[in-house]
Structures are given as C-alpha cells and as structure tokens.
Amino acid sequence: MTSANNSQRNILLIPVQDNLSHLGVKYLHYTLLGKGFQSKQLFLPYFSANDPAILNNLKEYISKLDPLYIGLSLTSMEYHRSHDLANFLKKTFPDIPIICGGVHPTVDPESCLSFADYAMVGECEFSLIDFTNALINGVDVKAVDNLCYMEDGKMRKNPLAPAIKDLDELPIFDHIPTLTYIQRKDTKIYEITRDIYHREGRFQGRTYEMLSSRGCAFSCTYCTNNYFNKMYPSNKRVRRRSIPNIIEELEQMKRNDHEIMQIVFHDSSFLIGTREYFKEFCEEYKKKIKLPFIVSTMPTTIDKEKLDLLKDAGVSWVTMALQTGSDRVNKDIYKRKSYRKDFLDATKLIKAANLPVKSDVIMDNPFETPDDIILTIETIMETPKPCLYEIFSLALLPGTELFERAKRECPEKMEDPRGKNFMKFQQNYLNTLVSLAVYLPKSIMGILLKLYKSDSNGSGMFKVALSIAKALSVVYFKPKNLFYWLKLTRGDSFIETFRILPLYVKDYFTYRNL
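Residues numbered from 1 in each chain as written. Predicted model: local features only at pLDDT ≥ 70, side-chain atom pairs only at ≥ 80, totals over all residues. Heavy atoms only, no water.

Participant: I tried to follow the packing of aromatic side chains on my own but got confused; where do I start?
Facilitator: Aromatic ring pairs are defined here through the distance separating the ring centres and the angle between the ring planes. Under the counting rule described, the total for this entry stands at 26 aromatic pairs. Ring geometry for Phe265 and Phe270: centres 5.1 Å apart, planes at 50°, overall tilted. For Phe265, a relative accessible area of 1% puts it in the buried group. Taking the relative accessible area as the measure of exposure, Phe270 reaches 1% and is therefore buried. Look at Tyr452 and Phe462: their rings are 5.6 Å apart centre to centre, the planes differ by 65°, and that puts the pair in the edge-to-face class. (Phe/Tyr/Trp six-rings, centres within 6.5 Å; stacked < 30°, edge-to-face > 60°. Buried < 20%, exposed > 50% of the residue type's maximum accessible area, 1.4 Å probe, protein only.)

Structure follows, in structure tokens:
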C-alpha cells in the first residue's frame, strides 16, 4: 500500500474500560484529528471474549474500517480484558499492528508486549503522531520516543520524550466526542449520539469531565504518580493550563452542551498553585461558566480563603483523601505529608463553609496492623456528617515504591494487580467497621468498637450487634446520609437535590463502593 493511501487510512483507538469516561484517549484522538489523521474511538464496555455475537460484530466493524493500527489504553484493572481483546484482534487481523498505552503499559510495558506489538509509556500525544507518521511513510517505528517492543527475546525501551511543558498546546475536545463509536449491550456498534451518550455515559452523560493541570505535587508510595515523578525527575511536578485556555474549553462546552449539570476537574492537586491564580480562576469561572463544579486536593492545601473563593464560584464539594487514620502508616509506609490532624482540621473548615466532606480510604494494606485500622475508623467517626467515603482495596502497582518494598518484605501477601478490582475490599470485621463508620452515628460506632476489642473473633455480642448495625445502615442511615450529603452539595436546596439525584442513583448509590 502506498504512502498516499496510508495517509487516508483509519486509526482505531480503544479504551479498554467499562464506561465512557476516558480523558487520556480523548486527548490522543483529538491530537490525531488535529494533525489530519482519520482517528476513530471505539468503546467496548460490554466486551466478552466468550460472546460470539460481540466478536462477530467487532470483526465486521474492524474489517470495514481497515485501520492502519489499533491502540489499546488500559490500567492494571483492565489487563485481562485487554489481553483477551488483543488476542482476538491478533488472531483475526494478524497484519494490523497493536500498540498499548496508558497507566499499566507505562509502569509495566513488558507484560503488555505478551499480547501487543508495541507499548508506549508516559505522555504520548506527540510520540503517537511520530509513530503514525512512521507507519504512513514506511519508516521503522523503532526509532520513536517512548516506544517499547520485543527484539531478540528482550524488551527494548526507547528514550523518553520530555513531558509536555505547555498544556495549552493540547487540543480542546468535545463533551460528546466526534467519530466515536460504542458496542452496546445488543452487541451492535453505533456512532455515539447525544441520546446514546445520555444512556451509556456516567451521570447520564450530564457531567463534564476535564483536567486543568497534569501531575501531582506529592509522591505517595502506592500511587502511579510516585512512578511518574521518578520517570520525569526534572519535570515540574504540577503543570497548569492557563486560565483563558480552561475557560475557552468550558465556554465551548456551554455552547454545545446545554444539558451539562456539573463539571468535574480530575486534577490530582487542584489547589496547588498561587492564590492569585485561584482568585483569577474563580472570578472568571463565576462570571462566564456559572455551573456547579467538583475538585480534588490534599488536606494540607486547604484553607479558609481558598474554600471561600471556591464556594463563591460554585463548588459543590472538595474531595480530599484520608487513605488512613494512622500517622505511622502515612509517614512510614505511604510517605504522605498529610496526617490525621491535617485531615480533621480540613474537615472542620469544609463544614464551616457549609460544604460536605468527601474522602477515600485504602484497605487491605499488608503493612497495616489492626490498631492502624482502628485509628482509621476513629478518624471517620470524627468526620462531620453527612460525609461520603469511597473505600478501595490497595493495589500494589509495578514500579511504585510500595510495590518494591512489598516484594522485599512481604512477597507472600502480594496480590497480582493485573485485573484486580480495587473497588472490592476484603470482607472482614475491621473492613466492615470502616464502611459502617461512614454512616452510623458516633455513639453506635463507639459501642461496636468496644465490643470488637473485647470480642474480635466475632462470637457472642459483637457478631449480633454487627448484624443489627449493618441492617440499620442499609435501610436507614446510609440512604439518609447519602441524601443529605447530596443536599449539602446543592446548597441545602431540596428542589436542586431531587433534580440532580437521578444522575447519582446508578453511579454512586448502586455501583460505587460507598
């Protein structure tokens, strides 16, 4: 095939996950489109290698598309689905190259090269352009930065291109992305329309998700940012987009997507930056956007002035991670410079601003003791109600500092992170008490903890009391807490709460680990 024909060939990008929220692939897709390439996105939320109808329709779609290459984006959680999908693709289309990117290929590229031809690590927008041009022009792709591949039985890893310094160079994309397709439950493949996006997207497709920065100022030992910070040692930890660039994207969203009800900034450290920057952002946002929005940050970055600015601009809530109530674990295991007092002080500031607390904790840490977990329970008990916590099971990700430590000190306790569902924590008494502490009154939790300490084997009074507490939580305290938490995000308005409630029933109240 000639280069001229190659330049008109389709490119197929597949985010291997079970929802339509994937900012990373959107950036790749729109970067390719911006350079004149024929990029297509395909979401496969219902993919199963054991369903002949899914496979037949996928085969037909790709045969017609005849892509130059297929790109798969995955985290460790999607590893096995990616493996099954890639095996099907290689068997069915042996001449189409497959390249993997995303978090898992970045931290563990060699595991992806067992089913893909190439893996690309780190920030890949511009390296993927180079890869595409190389294929089109018949040039050896093995000179492309960030690329990994197998040669003579060994993995070759090319030099890493610098991280993108000016994030304003990245494209602004659409809420409902163009040239994007989905294989739905009926196994047929459709171009995503507004109606399909509302049916298949998270929060009924009425939440706009974006990034105003990249990177994290912290380097917690369990987090992929721990790996990325070592990967780009000379890089500025947090790179921010300019405020005009952020507002330009949001104004485009407002023109094109009138149904949007809230905006989520997925920045790891939204509040890292100068006060002048946040004052200007909040002023521009309040003047030009005027929609509820959600941000995430660390407890140590919160203060009254920042909260007042955010509240005035329309923030619904600020997510900040607790992870553990044990200062020992935070300091010695996670190396987080945020401790129990920092967290509880921040919750008081949030409550004073009449905002709800949302946080998360990590369970199933092989380095934690029962006393550490009890400190987490007690910290949650001190959190002002209504509050919301997501509870995650620790995934020891390759390349992170905690992964290497676990390999040295407790390899027998390590789980394979590939395919692990970190939304499902181990079922034991202490983990159950952690989840109950989010909803139950402090007085009831105090009784449960006292009974546990005297009867941790789960016999007698503790087991009976725990069963009663779980039932009360399900039928009364949990629904009440979730409703009043959501009401607080809507300025205590019952009308606004009932208006927004349908968006959360599926995503937060049914599937998420709350």
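From this point, the discussion proceeds with the structure in view.
Participant: What should I look at first to understand unusual backbone geometry in this one?
Facilitator: If a residue is not glycine, its phi is most likely negative; likewise, a peptide bond is most likely trans. In this chain, Lys385 is followed by Pro386 through a cis amide linkage whose omega measures -5°. Residue placement: Pro386 occurs in the loop between helix H15 (370–382) and strand E17 (387–393). The phi dihedral of Thr187 falls on the positive side, at around 75°, and the residue is not glycine. Tracing the chain through its elements places Thr187 in the loop between strand E8 (180–183) and strand E9 (189–191). For Thr187, a relative accessible area of 11% translates into the label buried. With phi around 55°, Phe203 is a residue other than glycine that occupies positive phi space. With respect to the helices and strands, the residue Phe203 is situated in the loop between helix H8 (194–200) and strand E10 (207–210). By relative accessible area, which is 4% here, Phe203 ends up buried. (Helix = DSSP H or I, 4+ residues; strand = E, 2+ residues; numbered from the N terminus.)

Participant: Any chance you could explain the packing of helix H11 (residues 275–288) against helix H12 (residues 304–313) here in plain terms?
Facilitator: Relative orientation of the contacting elements H11 and H12 amounts to 15°, with a least axis distance of 8 Å. For the element pair H11 / H12, the angle class is roughly parallel. The interaxial crossing formed by H11 with H12 has left-handed handedness. Residues Arg275, Lys279, Cys282, Tyr285 and Lys286 of H11 form the contact with H12, whose participating residues are Glu305, Lys306, Leu309, Leu310, Asp312 and Ala313. Across the contact of H11 with H12, the residue classes break down as five nonpolar, no polar and six charged. (Axes fitted to C-alpha atoms, helices over the stretch in contact; angles between N-to-C directions. Parallel < 35°, antiparallel > 145°, perpendicular 65-115°, else oblique. Left-handed = near helix turned anticlockwise from the far one by under 90°. Contact = heavy atoms within 4.5 Å. Nonpolar A, V, L, I, M, F, W, Y, C, P; charged D, E, K, R; others polar.)

Participant: For this particular structure, what's the right way to read the packing of helix H14 (residues 340–352) against H15?
Facilitator: Geometry of a packed helix pair, given as the angle between the helix axes and the separation of the axes. Two numbers describe how H14 lies on H15: the axes approach to 10 Å, and their chain directions differ by 15°. Viewed along their axes, H14 and H15 adopt a mutual orientation that is roughly parallel. For the pair H14 and H15, the crossing hand works out as right-handed. Residue-level contacts link Arg340, Phe343 and Leu344 of H14 to Leu375, Glu378, Thr379 and Glu382 of H15. In terms of residue class, the contact of H14 with H15 is built from three nonpolar, one polar and three charged.

Participant: So what exactly am I meant to see when it comes to the sheet that holds E10 here?
Facilitator: Either a parallel or an antiparallel arrangement is found when strands of a sheet pair, and the pairing is made through backbone hydrogen bonds. The sheet built from six strands is open, its strands ordered E10-E13-E14-E15-E16-E17 with parallel pairing. The open sheet terminates on both sides in strands that have one partner only, identified here as E10 and E17. On average, each strand axis in the sheet is inclined to that of its neighbour by 20°, with strand direction left out of account. Against the sheet, H12 engages strand E14 (293–297) and strand E15 (315–320), with an angle of about 140° to E15. (Pairing = 2+ DSSP bridges.)

Participant: Hey, could you run me through the pattern of salt bridges in this one?
Facilitator: Side chains bearing opposite charge may pair, as long as their charged atoms lie close to each other. A full pass over the atoms with the stated rule returns 32 salt bridges. A salt bridge links Glu151 to Lys142, with the nearest nitrogen and oxygen atoms 3.4 Å apart. Given the relative accessible area of 28%, Glu151 is considered partly exposed. Between Asp195 and Arg199 there is a salt bridge, and its shortest N-O distance comes to 3.1 Å. Here Asp195 pairs with Arg199, and both are found in helix H8, just four residues apart, close to one helical turn. Here the residues in one salt-bridge network are Glu123, Glu125, Arg214 and Arg239, joined through shared partners. (Salt bridge = Lys/Arg side-chain N within 4 Å of Asp/Glu carboxyl O.)

Participant: Would you explain the confidence of the model for the protein chain in this entry?
Facilitator: The predicted coordinates of low-pLDDT regions are not to be read in fine detail. Confidence in the prediction of the protein chain, expressed as mean pLDDT, is 92, and 97% of residues score 70 or more. The least confident element of the protein chain, judged by mean pLDDT, is helix H1 (residues 3–6) at 48; the most confident is strand E5 (residues 118–120) at 98. (pLDDT = per-residue confidence, 0-100.)

Participant: Explain the nonpolar core here, please?
Facilitator: The tendency in soluble globular proteins is for nonpolar side chains to be buried as a group. Grouped together as the largest cluster of nonpolar side chains are 85 residues, with contacts concentrated most on Leu250, Ile263, Phe265, Tyr285, Phe293, Ile377 and Leu433. The element best represented in this core is helix H19 (residues 461–489), accounting for eight residues. Grouped together as the second largest cluster of nonpolar side chains are 28 residues, Leu12, Ile62, Ala86 and Ile96 included. (Core = buried A, V, L, I, M, F, W, Y, C linked by side-chain atoms within 4.5 Å.)

Participant: Explain the sheet that holds E8 here, please?
Facilitator: Read from one edge of the open sheet, nine strands run E7-E6-E5-E4-E3-E1-E2-E8-E9, paired in mixed fashion. With partners counted over all chains shown, the strands left at the sheet margins are strand E7 (154–157) and E9, one partner each. Neighbouring strand axes in the sheet, compared pairwise and without regard to direction, differ in orientation by 25° on average. As defined by bridge partners, strand E6 (residues 147–151) adjoins E7 across four bridges and the pair is classed as antiparallel. Opposite Tyr149, over in E7, you have Arg156 as the bridge partner. Sitting on the sheet, helix H2 (residues 23–34) touches strand E1 (10–15), strand E2 (38–43), strand E3 (70–73) and E8, and the angle it makes with E2 is about 160°. Taken strand by strand, helix H7 (residues 125–137) contacts E1, strand E4 (98–101), E5 and E6, and its axis lies near 150° from that of E5.

Participant: Where do I start with the pairing of E10 in this structure?
Facilitator: For a regular strand, side-chain orientation follows a simple rule: the groups alternate between the two sheet faces. In E10, alternate side chains face the same way, and those of Thr207 and Glu209 on one face and Tyr208 and Met210 on the other are all buried. Two strands pair when backbone bridges link them, and E10 and strand E13 (residues 262–265) are joined in this way by four bridges, in the parallel orientation. Bridge assignment links Glu209 to a residue of E13, and that residue is Val264.

Participant: Sorry, what's going on with a nonpolar patch on the surface here?
Facilitator: There is a patch of nonpolar side chains on the surface, built from Val464, Ile468 and Leu472 and spanning about 250 Å² of accessible area. The topology assignment puts Leu472 in helix H19. (Patch = residues over 30% accessible without salt bridge, like charges linked within 9 Å, V, L, I, M, F, W, Y side chains within 5 Å. Areas by Shrake-Rupley, 256 points an atom, 1.4 Å probe, with all protein chains shown as cover.)

Participant: How should the environment of Lys185 be read in this particular structure?
Facilitator: Summarising the element assignment, Lys185 is placed in the loop between E8 and E9. Residue Lys185 is classed as exposed on the basis of its relative accessible area, which comes to 67%. In the structure, Lys185 is positioned 140 residues away from Pro45 in sequence and 8.5 Å away in space, judged by C-alpha atoms.

Participant: Please explain helix H9 (residues 224–231) as it appears in this structure.
Facilitator: Structural remark: α-helix, 3.6 residues per turn; residues separated by three or four positions point the same way. In terms of residue burial, H9 counts as a mostly covered element, since six of its eight residues are buried. Listing the buried residues of H9 in full gives Thr224, Asn225, Asn226, Tyr227, Asn229 and Met231.

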